[in-house]
Amino acid sequence: MSVVVVAIDGPSGSGKSSTSRAVAEHFGWAYLDTGAMYRAVAWAWLGSGIPLEDADAIVAMVRRTPLRITTDPAAPGIAVDGTDVSTAIRDPRVSAEVSKVSSIQGVRDELIARQRALIAAADGGIVVEGRDITTVVAPDADVRILLVADPGARVARRAAELGARATGAEVTDQVIRRDRDDSRVTTFTEAAAGVTVIDSTYDDLPTVVGRVVALVEQTLAEEH
Ligand code: DC
């Protein structure tokens, strides 16, 4: 049987990660956080001393950097060349710098190839979340969703998530400025044809998860 692929894109604070993990757990499927991969290479770049202007050197570094990402939704984690960076990649410093690295096309090409390989290796099903999954990484996914929410709701969610680890200005930067920078290289503010938009502004997590699960079940029933 072929693998069921559920692709979920959306801006930061839209509830993408929590929703994707819960949906994967519901179906007993794998979960792939592509943002964690961009964060991990940003972490590696920050420690490398390579100037941002030297895009070729950054791409070369990314190509030779081994990433190990766990696709178990109950215990997601990521390691860079054997070092567990699951916590370090959530640091506000990484959040503030990640868009610089993720906007380099050669970096994207390398990570997209690795993401496609991880999807192809999945067993049963996989929920993949990011900014360009419905459009570039897996445009043929069985279910394609754009998860959106008003900016106010997204900033409030990120603030609750980060608590004392980030100032109000850092949270706003992480959500509003980062989305603006990210949307220069990926199209996640408007749904492509065939992509279902789910607005989570006024809904809690179980409600959103329920809507995604229902959509997946409906699609699978239609495919059979
Ligand atoms: O989802 P996140 O906030 O952890 O993503 C971190 C960064 O990675 C985000 O600022 C943009 C980038 N990203 C991307 O360009 N394409 C993806 N598929 C996922 C993330």
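Because the structure is a prediction, the values reported are computed rather than measured. (Residues numbered from 1 in each chain as written. Predicted model: local features only at pLDDT ≥ 70, side-chain atom pairs only at ≥ 80, totals over all residues. Heavy atoms only, no water.)

What follows covers the sheet that holds strand S5 (residues 83–84). Ordered by their spatial adjacency, three strands build an open sheet running S3-S4-S5, and the pairing between neighbours is antiparallel. Edge positions in the sheet fall to strand S3 (67–70) and S5, since each has one partner strand and no second. Lying over the sheet, helix H2 (residues 34–46) contacts S3, strand S4 (77–80) and S5, oriented at roughly 30 degrees with respect to S4. (Pairing = 2+ DSSP bridges. Helix = DSSP H or I, 4+ residues; strand = E, 2+ residues; numbered from the N terminus. Contact = heavy atoms within 4.5 Å. Axes fitted to C-alpha atoms, helices over the stretch in contact; angles between N-to-C directions.)

Our focus in this paragraph is the sheet that holds strand S7 (residues 143–148). The sheet built from five strands is open, its strands ordered S2-S6-S1-S7-S8 with parallel pairing. The outermost strands of the open sheet, each flanked by one partner alone, are strand S2 (30–33) and strand S8 (196–199). Pairs of neighbouring strands in the sheet enclose a mean axial angle of 20 degrees, with direction left out of account. Across four bridges, strand S1 (residues 4–9) lies against S7 in parallel orientation. Bridging from a neighbouring strand, Ala7 pairs with Arg144 of S7. Its contacts with the sheet place helix H1 (residues 16–27) against S1, S2, strand S6 (125–130) and S7, and it is angled at close to 180 degrees to S6.

The immediate surroundings of the ligand are formed by 16 residues, with Arg39, Arg108, Asp132, Arg178 and Asp182 found nearest. Between the ligand and the protein, one listed contact pairs an oxygen atom with a side-chain N or O atom of Asp182 at 2.6 Å. Calculation on the ligand without its partners gives an accessible area of 450 Å², and the protein chains cover 97% of this total. Elements that contribute at least two residues to the shell around the ligand include exactly H2, helix H4 (92–102) and helix H8 (168–182). (Near = heavy atom within 4 Å. Polar contact = N/O pair within 3.5 Å; in protein donor to acceptor, adjacent residues only side chain to side chain. Areas by Shrake-Rupley, 256 points an atom, 1.4 Å probe, with all protein chains shown as cover.)

Among the nonpolar cores identified, the biggest contains 38 residues, and Ile58, Ile78, Val107, Leu111, Ile119 and Ile126 are the most heavily contacted of them. Per-element tally for this core: the top contributor is H2, with eight residues. (Core = buried A, V, L, I, M, F, W, Y, C linked by side-chain atoms within 4.5 Å. Buried < 20%, exposed > 50% of the residue type's maximum accessible area, 1.4 Å probe, protein only.)

What follows covers unusual backbone geometry. Even without a glycine there, the phi angle at Asp81 is positive, about 50 degrees. Among the secondary structure elements, Asp81 is positioned in the loop between S4 and S5.

Before going further, it helps to examine the side chain of Lys16. With respect to the helices and strands, Lys16 occurs in helix H1. Separated by 3.2 Å, the side chain of Lys16 and the backbone oxygen of Gly10 make a polar contact.

In this section: the environment of Ala57. Tracing the chain through its elements places Ala57 in helix H3 (residues 55–64). For the pair Ala57 and Trp45, spaced 12 residues apart in the sequence, the C-alpha separation amounts to 10.0 Å.

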